[in-house]
Structure formats: structure tokens, C-alpha cells
There are 2 protein chains.
Amino acid sequence: MNHSIANMRSLLEDEITRYSSTLKGTPNELYEPLSYMLLLGGKRLRPLLVLLGCDLFDENPDKALKAALAMEVFHNFTLIHDDIMDNAPLRRNKETVFKKWNSNIAILSGDALMIKAYELLTLYDKETLHDLLILFNKTALEVCEGQQLDMNYETLPAAIPEYLKMIELKTAVLLAACLKTGALIAGASSDNQENLYSFGKNIGIAFQLKDDLLDAFGEPEKFGKMPGGDIIANKKTFLYLRAFEAASQEDKMQLEQLYSSAQANESKVEKVMNIFMKYKAKEALETEMEKYFSEGKAALLRTSGNSEKIKSLLSFAEDLMNREV
Amino acid sequence: MNHSIANMRSLLEDEITRYSSTLKGTPNELYEPLSYMLLLGGKRLRPLLVLLGCDLFDENPDKALKAALAMEVFHNFTLIHDDIMDNAPLRRNKETVFKKWNSNIAILSGDALMIKAYELLTLYDKETLHDLLILFNKTALEVCEGQQLDMNYETLPAAIPEYLKMIELKTAVLLAACLKTGALIAGASSDNQENLYSFGKNIGIAFQLKDDLLDAFGEPEKFGKMPGGDIIANKKTFLYLRAFEAASQEDKMQLEQLYSSAQANESKVEKVMNIFMKYKAKEALETEMEKYFSEGKAALLRTSGNSEKIKSLLSFAEDLMNREV
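Residues numbered from 1 in each chain as written. Chains lettered and ligands numbered in written order. Predicted model: local features only at pLDDT ≥ 70, side-chain atom pairs only at ≥ 80, totals over all residues. Heavy atoms only, no water.

Enquirer: Hey, could you run me through the overall build of chain A in this one?
Expert: If you tally the helices and strands in chain A, you get 16 helices and two strands. Computed over C-alpha atoms, the radius of gyration of chain A comes to 20 Å, within 12% of the 20 Å expected from 2.2 N^0.38 for 325 residues, which places it in the range of a compact globule. For chain A, the C-alpha atoms occupy an extent of roughly 60 × 50 × 35 Å along the three principal directions. The buried share among the 325 residues of chain A stands at 59%. Summarising the internal contacts of chain A: among those between residues at least 6 apart in sequence, 73% fall at separations of at least 24. Surface accessibility of chain A: about 13500 Å² in total, with carbon and sulfur atoms responsible for 50%. (Helix = DSSP H or I, 4+ residues; strand = E, 2+ residues; numbered from the N terminus. Rg over C-alpha atoms; globule rule 2.2 N^0.38 Å. Buried < 20%, exposed > 50% of the residue type's maximum accessible area, 1.4 Å probe, protein only. Contact = heavy atoms within 4.5 Å. Areas by Shrake-Rupley, 256 points an atom, 1.4 Å probe, with all protein chains shown as cover.)

This is the structure in C-alpha cells:
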């Protein structure tokens, strides 16, 4: 059986479709949002990392399929609740759950979806279940911490170290936990599990920095939308924090002023971008991103997985790093 | 060691206080609501039922303490989210989490509290953990279903069978699961576990009916507040549904009219109470309540637990049934 990444993706899509069709129950208002959310699509990066983590140690990725699904289900639970908190009307160009139904339904169906993630883990043998749960609970709490830090930064001042901690918790630890979950199911040694976790955490931070970069510096024709979304939303990403740190008193004031207004126009984006460029925020981000990526790479190379598969996982990560969308 | 109910209660209070002091972390906004909520107090009925379920089979209730805490933690998670959904400003005369902080913090700290409940279950051996989780996940989903049904009934018409299903899911299954959790930890046979579950479910429905009764017919000097809260809030409890079912066309219309107004005065309560009495809604409720109570009692008597402790558990349940507050 060929477990190429394309095959794993199709395995996952089938499994998510099949699973979504089982998410029926009474009352409808509780259950309909669950399959709606899961079928909105997405890159399915998290469950794919679970399968890849398992495959790396030459265990059949089918064995990790339910855990992969659990991680995707958990991720979708966080999206349902995050969308309420961020008051986000759209996700993947469709209405978010709280917009399509209402926020009470979104709170409660999110809760139900989290429980469904735990339910999927109980399909494993008791030994594996215990180990999966310890990792899952720790990660789930960290993701909550990351989301709260993110909300705090909307009003509180933050510096680069806190920002990096926030994206580590909100995004990177879940990617790390996905890889480790796969390794755990494959019966990898705890050293291998930790190395894979460290790989996931570091590339996760690098990916998020890449997101920040693309949002400001992406080429519209490749990026598919006009850059500057984070600037318009006054999101204090790495670029802002870096420019602010390095800026003259006058430029600091201008940045603060620009980020305190709700105006969303090209001139605001242009002014902010000029300050970003003046203080080489892009270059600083790239340096930081590469630092995390190479730390991640080093951790991956320390694992004693199948060496061909290590190469292929690395090139998968590089592709994600070099993406332009 | 004497495991009287009073001792168990004090064991629980100590454990909840100790545990609450461990609920610290960064960011504060995520963690502070957790101990705030847990320390608001309450009857601690759910964790007590876990200990009683364990004690019934002559196992040391200490062994069930972490699971008891998990059930109380889970219950408090549901309260944090329910208070947002119900827009309730007060709980036990203190501000609810979403009022004291805000609804985003309440959503997220509720999520964190649910994860903490799962974390407590992982303290058990792997065999027990698996069995506890299966029961816990099933129950947690049912509680979500019950809450959604309750929200639906605010706008949709309901009849008595649906109302009974709603209170079964929203309230009774958690009490049942608490007792079964204790029995499971004590190593009781699955027959004994099921009988205890059935006891809990049936008395749980009876308790909720008693709540409905007290809210309308409680004596103010004993009840500690003026009766009629459910009527003022237009809550379609058993009494309303029963009176509505039996009422003449004219009285039906009057009931509907009274329950469609937001006015909160004594004359409204008086008019509704007159219709309740005219159609003997209180008597119908008492009959139904006694039916559930005796079904519960019969299930308890089928268990092969310590016979002295069965007696004492039954008298504990009777005291709860005969309460006037």
C-alpha cells in the first residue's frame, strides 16, 4: 500500500465525510452545526500530521486515523468558539456557526464537538488511550491559554517574546501534538516522540510567522486576496511589534495612531507598510522564521524514523514554508 | 473510618478548596474564573453521589474522590456556559462569570474547565479510566442535548413527554452517572452499576419535579424567597404543561397570554396559580414525582450493595424529596 501524502489526504477526506454523516441526533440544532463545520473544508493539516507522524515509524497510518479525526474535530471545536469570540461572520466564505445559527447554539455545539473528540480517542486500547489523553488534555489547555493571550493582546501591549509565546500556544502546540500522537500510536520511543513534538512546535511557529509575512507582503495575484488584512484589523503581528520596537519616537506614535483607528483603506495599509519596510520588519521576521524552521528541522533529523520518510516529511514542511498562499 | 454523609461532605469541601487553589496559571483571565466558580459553593450533590455510589459497595470513598471532583468540575463548566446562554446575572447571589468578566472569557474558561474534568479522570488506572470515559462522554453529550432542548422549549411548544425527556437529559443523567461512576470505581458488577444508574436517573427526574413544585407552591417562610419565579420567567414547567393540557379553550388562551407577557407582578402569579389549582396540576405533578421516585427506589433495592448503606442512601434521597427549600 502506497501511503503517499496524496493518498493520506484522500483517506482523511473520506473519513471526515463518513464521520460527518454519523453526526446526527436530537435536537437537530445541536448536531447540524457539527457536520456543517467539519465539511467547510480546509487543508486538514492537523490530521495529516497525525498520519505522517505514525507513518514515519513504519506503522500503518490507518491505525492513526481515528486519532487524526479526533484532532481535526478538536480543531473545529476551537474554530466554532473562536469565531464567536472574534465576532467573525465568515469562514471559508461560508457563514460561521454563530452567524448561521446563533451564539448560544455555537457555544453548545462547540462543547458537543469537544466531547466528540474525546469520544474518538476512546476507540484506542486502554494503554494508548491513557497516553493520548495526557497529551491531548495538556495541549487542549494550552490552546485555550493561547486564545486568551490573543484576546488580551487586542487591548494590552505586547512585545515579541509574548507574541511568540501566544502563537506557540494558540497554533504550534497543536501541530506538535498531532505529530506526537501519530508517533505514540506507532509505538515510537519517547525520545522519538519528543523530537517529533519539537519539530512540530518549531515549524508551527515558523508557519505562523509565514502567515504574518504573507498577509502583509503576499503578492495579490498569488495570494488570492489583497494583502494588508492584519493591518486593517489592527492585528499586532510580529511585523508590527518588530517595527514598533525599532521605530523612532515619531514613527512609534504614527504606528499607534494608525492602529487605533477603525479605518480600512489603502492609504492606512500603505503608511503602515512603509514603516514596516523602513525598519526592516520583513527581514527580521524572515530571520526569526528561519531560526525556528532550522530548530524544527534539527529535531526531525534527530528522530530515528524511516530515513526516506524523514526526507519526505522535511520536504513537505519546506513546501509549506515556501508557499505563497 | 466513619464515612457518614457529613464526613463525606467535609472530605469534598476540603478537596474542592485544595483543588481550587491549584487552578492558577497564565493568563489570569483564563484561570481566575475557574476557582471563582468552584468556590461559589452549592450543595455538592453530584460529587457526593459519586462517593455514596462507591461507599455502597464497601470500597473506601477516598478512592472515588478525584472522580467526584471531576463530576463537580464538569457540572461547574456547564453552569458557566449555561449562564451565558440564559443571560443570568447572578448565581448564588454572586455575579456569574460572564457578568464579572465577559462572555468571551466565560466561553473560554468554561472550555478550560471541561478539559480539567477530563484531566482528573486520567488519575485513575488505565482500565478504570477507559470505563469512566465511556460513561462520562455519553453523559456529557446528553447534558448538551438537554440544554439545547431546554433552549428550544423557550420558543417551541412542548408537551409533558418532551419536558420529561429534557429534564432527564439536562439534570437526571448526570446524577445517574455520578452514582454509576462511584460504583464503577468500587468494582461493582455491571448489573449493580446499571441499577444504581437507574436509581439516579429516576430520582433525578423526581428531584427536578420537586423543584418545579417548590418554585410555585413552596411556603415563602421556608422556601426563603417568594414563590412564582418560574411563572414570572414564563418557564413552561410540568405544572404549566399539565394545566395547559387539561384546560378549557378559554383557560388555555389565558395561560398563553399570561406566559407571553414580560410583566412580573403578583397578579400574574396569582392568575396562573389559580389555573394550576383549577386543573389540579400540583396533584398530577405529585403523582408523576412519586412514580419516578418509586421506580428509582425499586432499582436501588435491586442492587446488592451493603444493606445498611442502601437504607441510608434511600433515606438520603427521601430527605431530598421531602425538602421544602
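This is not the end of the story, as more comes after the structure.
Enquirer: What exactly am I supposed to notice about the packing of aromatic side chains here?
Expert: Think of a pair of aromatic rings as described by two things: how far the centres are apart, and how the planes are tilted against each other in angle. Taken as a whole and assessed by the stated rule, the structure comprises 13 aromatic pairs over all chains. Both rings, one in tyrosine 118 of chain A and one in tyrosine 118 of chain B, keep their centres 3.4 Å apart while their planes meet at 5 degrees; by these two values the pair is stacked. With one member in each of two chains, tyrosine 118 of chain A in helix H6 (residues 103–121) and tyrosine 118 of chain B in helix H6 (residues 103–121) form a pair that bridges those chains. Here tyrosine 240 of chain A and phenylalanine 244 of chain A contribute two aromatic rings whose centre-to-centre distance is 5.7 Å and whose plane-to-plane angle is 10 degrees, an arrangement assigned as stacked. Taken together, the residues tyrosine 240 of chain A and phenylalanine 244 of chain A, both in helix H12 (residues 238–246) and four residues apart, mark about one turn of the helix. Taking relative accessible area as the criterion, phenylalanine 244 of chain A reaches 22% and is therefore assigned partly exposed. One aromatic cluster is present, formed by Phe74, Phe77, Tyr118 and Phe136 of chain A together with Phe74, Phe77, Tyr118 and Phe136 of chain B through successive ring pairs. (Phe/Tyr/Trp six-rings, centres within 6.5 Å; stacked < 30°, edge-to-face > 60°.)

Enquirer: Help me understand the pattern of salt bridges, please; the structure alone is not making it clear to me.
Expert: One side chain can pair with another of opposite charge once the charged atoms of both are near each other. Applying the stated criterion to the full structure yields 40 salt bridges over all chains. One salt bridge connects aspartate 55 of chain B with lysine 309 of chain B, and the closest N-O pair in it is separated by 3.1 Å. Here lysine 309 of chain B lies in helix H16 (residues 307–321) and aspartate 55 of chain B lies in helix H3 (residues 45–55), a separation of 254 residues in the sequence. Each of Glu13, Arg44 and Glu72 of chain A takes part in salt bridges that share partners, so that together they form one network. (Salt bridge = Lys/Arg side-chain N within 4 Å of Asp/Glu carboxyl O.)

Enquirer: Before we go on, may I ask you to explain the interface of chain A and chain B in this structure?
Expert: It is common to give the size of an interface as the accessible area lost on bringing the parts into contact. At the junction of the two partners, chain A supplies 38 residues and chain B supplies 38 residues. Regarding the contact of chain A and chain B, the summed buried area is about 3700 Å², with carbon and sulfur atoms giving 72% of it. If you look at where chain A meets chain B, you find two salt bridges. The partner of glutamate 127 of chain A in a salt bridge is lysine 126 of chain B, and the shortest N-O contact between them spans 2.8 Å. At the junction of chain A and chain B, the tally comes to 10 residue pairs in polar contact (both at pLDDT 80 or more). (Buried area = accessible area lost by both parts, 1.4 Å probe. Polar contact = N/O pair within 3.5 Å; in protein donor to acceptor, adjacent residues only side chain to side chain.)

Enquirer: Would you take a moment to explain the confidence of the model for chain A for this structure?
Expert: One rule of thumb: low pLDDT means the predicted coordinates there are not for detailed reading. Of all residues in chain A, 98% have pLDDT values of 70 or greater, and the mean over the chain is 94. Interface confidence for the predicted complex, given as ipTM, is 0.96, next to a pTM of 0.96. (pLDDT = per-residue confidence, 0-100.)

Enquirer: Before we go on, may I ask you to explain the relation of the copies chain A and chain B in this structure?
Expert: Two chain copies, one operation linking them: a rotation about an axis together with a shift along it. Once turned by 180 degrees and shifted 0.0 Å along the axis, chain A lies on chain B with an RMSD of 0.0 Å. Such values leave the two copies arranged in the relation of a two-fold axis. The rotation axis passes nearest to the C-alpha of lysine 126 of chain A in chain A, at a distance of 2.8 Å. (Least-squares fit on C-alpha atoms with pLDDT ≥ 70 in both.)

Enquirer: Can you help me understand the environment of serine 260 of chain A in this one?
Expert: Residues and elements named next belong to chain A. Note on placement: serine 260 falls in the loop between helix H13 (249–258) and helix H14 (266–278). Separated by 139 residues in the primary sequence, serine 260 and leucine 121 place their C-alpha atoms 44 Å from one another. For serine 260, the side chain forms a polar contact with the main-chain oxygen of glutamine 257, separated by 2.8 Å.

Enquirer: Can you help me understand helix H4 (residues 65–85) of chain A in this one?
Expert: An α-helical segment advances 3.6 residues per turn. Residues three or four places apart therefore align on the same side. The terminal C-alpha atoms of H4 of chain A lie 30 Å apart, and with 21 residues this matches the ideal 30 Å at 1.5 Å per residue to within 8%. Across the 21 residues that make up H4 of chain A, a large majority, 20, are buried. (Expected span 1.5 Å × (residues − 1).)

Enquirer: Teacher, can you tell me more about the packing of helix H7 (residues 126–152) of chain A against helix H8 (residues 160–185) of chain A here?
Expert: If you want to describe how two helices pack, look at the angle between their axes and the distance between the axes. All names here are of chain A. The N-to-C vectors of H7 and H8 enclose an angle of 165 degrees; their axes lie 7 Å apart at closest approach. The angle between H7 and H8 places the two elements in the roughly antiparallel class. Here the hand of the crossing between H7 and H8 comes out left-handed. Judged by residue contacts, Thr128, Asp131, Leu132, Leu135, Thr139, Glu142, Val143, Glu145, Gly146, Gln147, Leu149 and Asp150 of H7 engage Met166, Leu169, Lys170, Val173, Leu174, Ala177, Lys180, Thr181, Leu184 and Ile185 from H8. Along the lines of polarity and charge, the residues of the contact of H7 with H8 split into 11 nonpolar, five polar and six charged. (Axes fitted to C-alpha atoms, helices over the stretch in contact; angles between N-to-C directions. Parallel < 35°, antiparallel > 145°, perpendicular 65-115°, else oblique. Left-handed = near helix turned anticlockwise from the far one by under 90°. Nonpolar A, V, L, I, M, F, W, Y, C, P; charged D, E, K, R; others polar.)

Enquirer: What am I meant to see in H12 of chain A here?
Expert: Within the span of H12 of chain A, buried status applies to Phe238, Leu239, Tyr240, Leu241 and Ala243 of chain A. Contacts made by the buried residues of H12 of chain A are with H8, helix H9 (190–217), H13, H14 and helix H15 (281–302) of chain A.

Enquirer: Explain the environment of isoleucine 275 of chain B to me, please; I cannot follow it from the model alone.
Expert: All names here are of chain B. Here isoleucine 275 shows up in helix H14 (residues 266–278). For isoleucine 275, a relative accessible area of 4% puts it in the buried group. Measuring from C-alpha to C-alpha, the distance between isoleucine 275 and leucine 255 comes to 7.8 Å, with 20 residues separating the pair along the chain.

Enquirer: Got a minute to help me understand the nonpolar core in this structure?
Expert: Note on soluble globular proteins: their nonpolar side chains tend to be buried together. Membership of the largest hydrophobic core comes to 242 residues, with the highest contact counts inside it found for Leu209 and Phe276 of chain A together with Leu209 and Phe276 of chain B. If we ignore the near neighbours within four places in the chain, the residues touching leucine 209 of chain B are Tyr163, Leu164, Ile167, Phe238, Leu285, Glu288, Met289 and Tyr292 of chain B. (Core = buried A, V, L, I, M, F, W, Y, C linked by side-chain atoms within 4.5 Å.)

Enquirer: What am I meant to see in the side chain of glutamine 208 of chain A here?
Expert: With respect to the helices and strands, glutamine 208 of chain A occurs in helix H9. With residues up to four places along the chain from it excluded, the contact list for glutamine 208 of chain A reads Ile167 and Thr171 of chain A.

Enquirer: Please clarify how the packing of helix H3 (residues 45–55) of chain A against H8 of chain A should be interpreted in this entry.
Expert: All names here are of chain A. Following both chains from N to C, one finds H3 and H8 inclined at 35 degrees, their axes separated by 6 Å at the closest point. The way H3 lies across H8 gives a crossing that is right-handed. Residue-level contacts link Leu45, Arg46, Leu49, Val50, Gly53 and Cys54 of H3 to Leu174, Leu175, Cys178, Leu179, Thr181, Gly182 and Ala183 of H8. Residues that form the contact of H3 with H8 fall into these classes: nine nonpolar, three polar and one charged.

Enquirer: Is there a simple way to explain unusual backbone geometry in this structure?
Expert: The bulk of non-glycine residues show a negative phi, and the bulk of peptide bonds are trans. Residues and elements named next belong to chain A. Cis geometry is found at the peptide bond from threonine 26 to proline 27, where omega equals -5 degrees. Mapped onto the fold, proline 27 is located in the loop between helix H1 (5–22) and helix H2 (28–38). A positive phi angle, near 55 degrees, is found at aspartate 58, a position not held by glycine. Position of aspartate 58 among the secondary structure elements: in the loop between H3 and H4. Phi is positive for arginine 92, close to 50 degrees, though the residue is something other than glycine.

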